[in-house]
Structures are given as structure tokens and as C-alpha cells.
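# Secondary and tertiary structure notes
Each chain is listed here by its residues.
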Amino acid sequence: MDAYDEDPRGPQGPDGSAGTRLPEEPPQPAPPPRTGIAALSPRYQVGAALALAVVAVAACVHVLMVFLSLAPANTVTKQHGKAIEEWLYPEFEQNWKLFAPNPLQQNIAVQVRAQVRLRDGQVRTTGWTDLSAQDGTAIDGNLVPSHTQQNELRRAWDYFAATHGADNRPVGLRGSLSEQYLRRIVVMRLYRDDPTSREGVIQRVQVRSSTTNVQPPAWSRERVSDKPVQRLLPWWSPTADEASGGVR
């Protein structure tokens, strides 16, 4: 038989003649078996999805409750403190604090003025210079503000306030050191930024602070005074090195 003869066993053509044998199609691979939730029936898939949603919500609530229990006192903890305690105690009790110390909720402005002896012998008292506002202006919009601009004056005032009583008298052995540190900073800043101080020699300086509470949000029931509290320190006489600009 010739290789191109028709196979009489092949399928018949439309006219009844023997047709050409068609190649057999390869078997299709079986689909991979489904795993996980997809292997469940639709009814059980819905049940599994609801269970996962409940677990996710419970986990989020638990993390939020733990966070609020460790955070400083705020409007939410004051209003819902009982619910937070019932959720955490005794199974999830925490005995450490996430934030220490409590973040400052006040705006403190440190200002200074000076008595300057000019070259003609006259003594002139300058106006108040807001050093905190100068630092704020230098920091605002600055992607990399210096450590001095951020912390020098602020930490000096904190150091002074922690070592002095309400009558501005030093408490403890570090009181004199804190006075000297703050005095040197304000004298240095006056010589650098105040035109009158640069024209003469500083004889005395006086520092004051203005403290204003940060107002709570509109939805909070907390109410705090919005009136600034002033603290006026006595006049200080710089040392000879400070007065001559030796600490600039």
C-alpha cells in the first residue's frame, strides 16, 4: 500500500468515500486541586471569611486598648477608662509605660531684655526679645534644623525651672549652675541678634517666660485656661567675660 493511500478504516467523507484519519488530541491535564478556603463549599467559605473578620477586629481592638492603657492620660482614657480596665485586667495587665515623661502640653516662650552701656556712657534698656520665637522661625520649614535651635534654649529653661522654686530662688546645689547656663545663653544671643547690645556692653539682663496651655480639640470635654502665665526673673549681672562677649 502506498504511504499516501487512504485508510479504508478511516472516517467516511461526505460522498461515502473513505476519509483521512484525523490525529488524536492529547488528553487535557487535570486542574490542580483547590486548597485553603477555596477548597470549601460556598457556605463554609462565607463562614470562614466571617470568622477571619471577627479575629481581625478583635486583634485591632486589643492593640488599641493596650495602647490606650500605656499612653499618658488623655481625653479618651478619661472618658472610657472603665471600659479599658475591664478589657485588660487581669489577663492582659501591663506594668510599664509606653511614654515617659508625659508629653508637654504647653507653649513656653522665653524672652529677654538687657541694660546696655553705650559708647557715650548712656545706659539703654532694650525691648523684650522673644528668643523662643526666633528658634521657632529657624526651625519652621527647615528639613534639618540644628540641635542648638531645637533644644539649647528649651533645655536651659527646663533646667532652670526644675532647680528653682516659684519665688525664683535656687533649690539644691544645681541652682547656681542653671542660672549661669541660662544667663550665658541669653547674653550670647543678645550680642548676636540685638542691634543695641552689639553697640555697647551688656550690664544686666532680665529673663521672663510666657506659658500658654495647648487647647484640647473641639470634640473634647476637657477645658483648660487659655490665659498666658507670666514668670519674671530678677535682673542678673553678667560676669566680666560674659559682658565683654567672651562667651559668644
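Residues numbered from 1 in each chain as written. Predicted model: local features only at pLDDT ≥ 70, side-chain atom pairs only at ≥ 80, totals over all residues. Heavy atoms only, no water.

### Quick notes on the overall build of the chain
Summing up its helical and strand segments, the chain has 7 helices and 5 strands in all. Beginning at the N terminus, the succession of helices and strands in the chain can be written as α-α-β-β-β-α-α-α-α-β-β-α. Burial statistics for the chain: of 248 residues in total, 27% are counted as buried. Within the chain, contacts between residues at least 6 apart in sequence are counted, and of these 56% link residues at least 24 apart. Accessible surface for the chain amounts to roughly 17700 Å². Of this, 57% is attributable to carbon and sulfur atoms. (Helix = DSSP H or I, 4+ residues; strand = E, 2+ residues; numbered from the N terminus. Buried < 20%, exposed > 50% of the residue type's maximum accessible area, 1.4 Å probe, protein only. Contact = heavy atoms within 4.5 Å. Areas by Shrake-Rupley, 256 points an atom, 1.4 Å probe, with all protein chains shown as cover.)

### Things to note about the nonpolar core
Formed by 21 residues in total, the largest nonpolar core has its most connected members in L182, V186, I202, V205 and V207. Contributions of two or more residues to this core are made by β1 (106–117), α4 (147–162), α5 (175–193) and β4 (201–213). The element that contributes the greatest number of residues to this core is α5, accounting for 6 residues. Once residues lying within four places of it in the same chain are set aside, the contact partners of V207 are V110, Q111, V112, W128, W157, L182, V186, R231, L232, L233 and W236. (Core = buried A, V, L, I, M, F, W, Y, C linked by side-chain atoms within 4.5 Å.)

### Brief notes about the environment of P228
With respect to the helices, strands and loops of the structure, P228 is situated in the loop between β4 and β5 (229–232). In contact with P228, not counting residues within four places along its chain, are S210, T211 and T212.

### Here we look at the pattern of salt bridges
Using the criterion set out here, one finds 7 salt bridges in the structure. Among the ionic pairs, R189 bridges to D135, the shortest N-O distance being 3.2 Å. In this pair, R189 is assigned in helix α5 and D135 in helix α3 (residues 131–139), connecting sequence segments 54 residues apart. By the burial criterion, R189 is buried, and D135 matches it. Its salt-bridge partner being D193, residue R192 comes within 3.3 Å of it at the nearest N-O pair. Residue class for D193 comes out partly exposed when judged on its relative accessible area of 32%. (Salt bridge = Lys/Arg side-chain N within 4 Å of Asp/Glu carboxyl O.)

### Digging into a nonpolar patch on the surface
Where nonpolar side chains cluster on the molecular surface, the patch consists of V57, V61, W87 and F92 and spans about 330 Å² of accessible area. Along the chain, the position of V57 falls in helix α1 (residues 42–70). (Patch = residues over 30% accessible without salt bridge, like charges linked within 9 Å, V, L, I, M, F, W, Y side chains within 5 Å.)

### Let's talk about the confidence of the model for the chain
Chain-level statistics for the chain give a pLDDT mean of 83 and a share of 81% at 70 or above. Least confident of the elements in the chain is helix α7 (residues 240–243), whose mean pLDDT is 82; most confident is strand β3 (residues 129–130), at 96. (pLDDT = per-residue confidence, 0-100.)

### Describing helix α2 (residues 75–88)
Taking 1.5 Å per residue, 14 residues should reach 20 Å; α2 reaches 19 Å between its end C-alpha atoms and fits that length. Listed in full, the buried residues belonging to α2 are T75, T77, G81, I84 and L88. Packed against the buried residues of α2 are α1. At the N-terminal boundary of α2, the capping side chain belongs to N74, with an oxygen 3.0 Å from the backbone nitrogen of V76. (Expected span 1.5 Å × (residues − 1). Polar contact = N/O pair within 3.5 Å; in protein donor to acceptor, adjacent residues only side chain to side chain.)

### Structural notes on the packing of aromatic side chains
Counting across every chain of the model gives 2 aromatic pairs. Here W157 and F160 contribute two aromatic rings whose centre-to-centre distance is 5.5 Å and whose plane-to-plane angle is 25 degrees, an arrangement assigned as stacked. Placement of the pair is W157 and F160 together in helix α4, with a separation of 3 residues, close to one helical turn. Taken individually, W157 and F160 each receive the classification buried, so the pair is uniform in this respect. A connected cluster of aromatic rings, assembled from ring pairs, spans W157, F160 and W236. Over the ring of W128 we find R208; its NZ or CZ atom is 4.1 Å from the centre of that ring. (Phe/Tyr/Trp six-rings, centres within 6.5 Å; stacked < 30°, edge-to-face > 60°. Lys NZ or Arg CZ within 6 Å of the ring centre and 35° of its normal.)

### Let's talk about the environment of A162
Secondary-structure assignment places A162 in helix α4. Residue classification places A162 among the exposed positions, given a relative accessible area of 62%. Once the C-alpha coordinates of A162 and G172 are considered, the two residues, 10 residues apart in sequence, prove to be 9.9 Å apart.

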